[in-house]
Amino acid sequence: MKLDRKEILKALETITIAGEGKNMIESGAVTNVLTFGDEVVVDLTIATPAMHIKKRAEDDIRKLIHETYSPEIKVKVNIKVEVPEKENPNQIKGKAIPGIKNIIAVASGKGGVGKSTVTANLAVTLAKMGFNVGVLDADIYGPSMPIMFDVENEKPNSTTVDGRSKMKPIESYEVKMLSIGFFTAPSQAVIWRGPMASKALNQMIFDADWGQLDFMLIDLPPGTGDIHLSIMQALPITGAVVVSTPQAVALADAKKGVAMFMSDAINVPVLGIIENMAYFTPEELPNNKYYIFGKEGAKNLADDLNVPFLGEVPIVQSIREAGDYGRPAALQTASVIESVFEELTRNIVQEVVDRNENLPPTEAIKITTMAGCSAVKKK
């Protein structure tokens, strides 16, 4: 079947860029269409630097051409992002921390889905891959990182940087971290209103000597509240990872978490969704999988929201035990859990690289190498 450029342009008038009222031709988003034998190349310019908008536009064009002609047609979409110079007055922007290249927020809409456990294991896996890693425990009212890294009795020291006194993060398993748990007694409840909690977070962010970090992971509290907004206002977040179980009630809240990051005011790229507690496999029946909380709920949610699915973590007793003992399970050499978190971490790093290559950079320095991640294929 011969490809006709004019027919393709006419067909493109039937689809729009998400969030825009005009079709792709009328809005000027399609800047060029080329045909070469059985290949179509579409050049597209969009004004929204959101990963899900870009992917949806590419999928819509590919689907349209395949339906109009044939599924055998090769379709290449070149997308360029041009953000209007006029700034959105509601846009939340953060202030970069010198030396920190990428800041990843790990969030969950619902408590009890294992977000902190996932954060701790991702951190140690990144460190094993050769990256410099830091963890900010932003769960002011329920800090758990000191326990998970076996440093709950440690206290940050003071150090002088450029004539200023700063906190020195606690280091464990080659991961630097700060948490409100270092400044309170284990039995002490943090009874603070939002402004006081936000001030404490700002101190741990900007009054600390983090040094050079490839990744800072921020363990956010559950929900979509004041702490989340404070973090977004304070820092230029590279991307967000949302953790959920397959259970319907957890997925409903996870969907709200994704919506928060994608909102116009925050506009943080969602790197993907992780399904925790995906299934249970008894040690004596290694080939059996029991889907206690449902099957592939988070995976289906990722498909519905058009965001990447990063992988699943099974229910394994050793993960809980390792967290309680203060040695993240991903440090268990040649174990199933080590492999699970290595795959998850490689997927996240790849999403960060793709995000930095295809979207306008944040005010923080972006990652430019895949050091330590030889198993990740460059696209």
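This one's a predicted model, so the numbers in the text were calculated from it and none came from an experiment.

Definitions and cut-offs
Residues numbered from 1 in each chain as written. Predicted model: local features only at pLDDT ≥ 70, side-chain atom pairs only at ≥ 80, totals over all residues. Heavy atoms only, no water. Patch = residues over 30% accessible without salt bridge, like charges linked within 9 Å, V, L, I, M, F, W, Y side chains within 5 Å. Areas by Shrake-Rupley, 256 points an atom, 1.4 Å probe, with all protein chains shown as cover. Salt bridge = Lys/Arg side-chain N within 4 Å of Asp/Glu carboxyl O. Helix = DSSP H or I, 4+ residues; strand = E, 2+ residues; numbered from the N terminus. Pairing = 2+ DSSP bridges. Axes fitted to C-alpha atoms, helices over the stretch in contact; angles between N-to-C directions. Parallel < 35°, antiparallel > 145°, perpendicular 65-115°, else oblique. Left-handed = near helix turned anticlockwise from the far one by under 90°. Contact = heavy atoms within 4.5 Å. Nonpolar A, V, L, I, M, F, W, Y, C, P; charged D, E, K, R; others polar. Right-handed = clockwise from strand over helix to strand, strands pointing away. Buried < 20%, exposed > 50% of the residue type's maximum accessible area, 1.4 Å probe, protein only. Polar contact = N/O pair within 3.5 Å; in protein donor to acceptor, adjacent residues only side chain to side chain.

Asks: Teacher, can you tell me more about a nonpolar patch on the surface here?
Replies: A contiguous nonpolar surface patch, about 350 Å² in accessible area, is contributed by Phe 280, Leu 285, Tyr 290 and Ile 292. Mapping Ile 292 onto the fold places it in the loop between strand E12 (270-280) and helix H8 (297-305).

Asks: Looking at this structure, how should I read the sheet that holds strand E10 (residues 213-219)?
Replies: Paired through backbone hydrogen bonds, the strands of a sheet run either parallel or antiparallel to each other. Across the sheet, which stays open at both edges, the eight strands sit in the order E8-E9-E5-E10-E4-E11-E12-E13 with mixed pairing between neighbours. Strand pairing shows two members of the sheet lacking a second neighbour, strand E8 (170-172) and strand E13 (309-315), which therefore form its edges. When the angles between neighbouring strand axes are averaged without regard to direction, this sheet yields 25°. Pairing between strand E5 (residues 133-137) and E10: five bridges, direction parallel. Residue Val 133 lies in a different strand from E10, and its bridge partner there is Phe 215.

Asks: Help me out: how do you make sense of the packing of helix H1 (residues 5-12) against helix H2 (residues 51-68) in this one?
Replies: Each pair of packed helices gets described by two things: the angle between the helix axes and the distance between those axes. Where H1 meets H2, the closest approach of the two axes is 11 Å, and the angle between their N-to-C directions is 125°. Here H1 is positioned oblique relative to H2, judged by the angle of their axes. The interaxial crossing formed by H1 with H2 has right-handed handedness. Listed contacts from H2 to Ile 8, Ala 11 and Leu 12 of H1 are Ile 61, Leu 64, Ile 65 and Thr 68. Of the residues in the contact of H1 with H2, the class split is six nonpolar, one polar and no charged.

Asks: Where do I start with the pairing of E13 in this structure?
Replies: Both faces of the sheet carry side chains from a regular strand, because those side chains alternate between them. Where E12 lies against E13, five bridges are found, and the strand directions are parallel. Residue pairing in the sheet places Ile 273 in a bridge with Phe 309 of E13. For the segment spanning E12, H8 and E13, crossover handedness is right-handed.

Asks: Please clarify how the pattern of salt bridges should be interpreted in this entry.
Replies: Any two side chains of opposite charge can pair, so long as their charged atoms come close to each other. According to the stated counting rule, one finds 10 salt bridges in the structure shown. Of the charged contacts in the structure, one is a salt bridge between Glu 58 and Arg 62, with a shortest N-O distance of 3.5 Å. One end of the pair is Glu 58 and the other is Arg 62, both in helix H2 and four residues apart, which spans about a single turn. Look at Arg 62 and you get partly exposed, because its relative accessible area is 24%.

Asks: What am I meant to see in the environment of Lys 63 here?
Replies: Relative to the helices and strands, Lys 63 is located in helix H2. A C-alpha to C-alpha distance of 9.3 Å links Lys 63 and Val 75, two positions 12 residues apart in sequence.

Asks: How should the sheet that holds strand E1 (residues 30-36) be read in this particular structure?
Replies: Strand order across the open sheet formed by three strands is E1-E2-E3, with mixed pairing between neighbours. Since the sheet does not close on itself, it has two edges, and those belong to E1 and strand E3 (74-81), each with one partner. Taken over all neighbouring pairs, the strand axes of this sheet differ in orientation by 15° on average, direction set aside. Judged from the eight bridges that link them, strand E2 (residues 39-46) and E3 form a sheet pairing that is parallel.

Asks: Before we go on, may I ask you to explain the side chain of Ser 172 in this structure?
Replies: Along the polypeptide, Ser 172 turns up in strand E8. Taking relative accessible area as the criterion, Ser 172 reaches 10% and is therefore assigned buried. Here Phe 149 takes part through its backbone oxygen, which lies 3.0 Å from a polar atom of the side chain of Ser 172. Setting aside anything within four residues of it in sequence, one finds Ser 172 in contact with Phe 149, Val 151 and Met 177.

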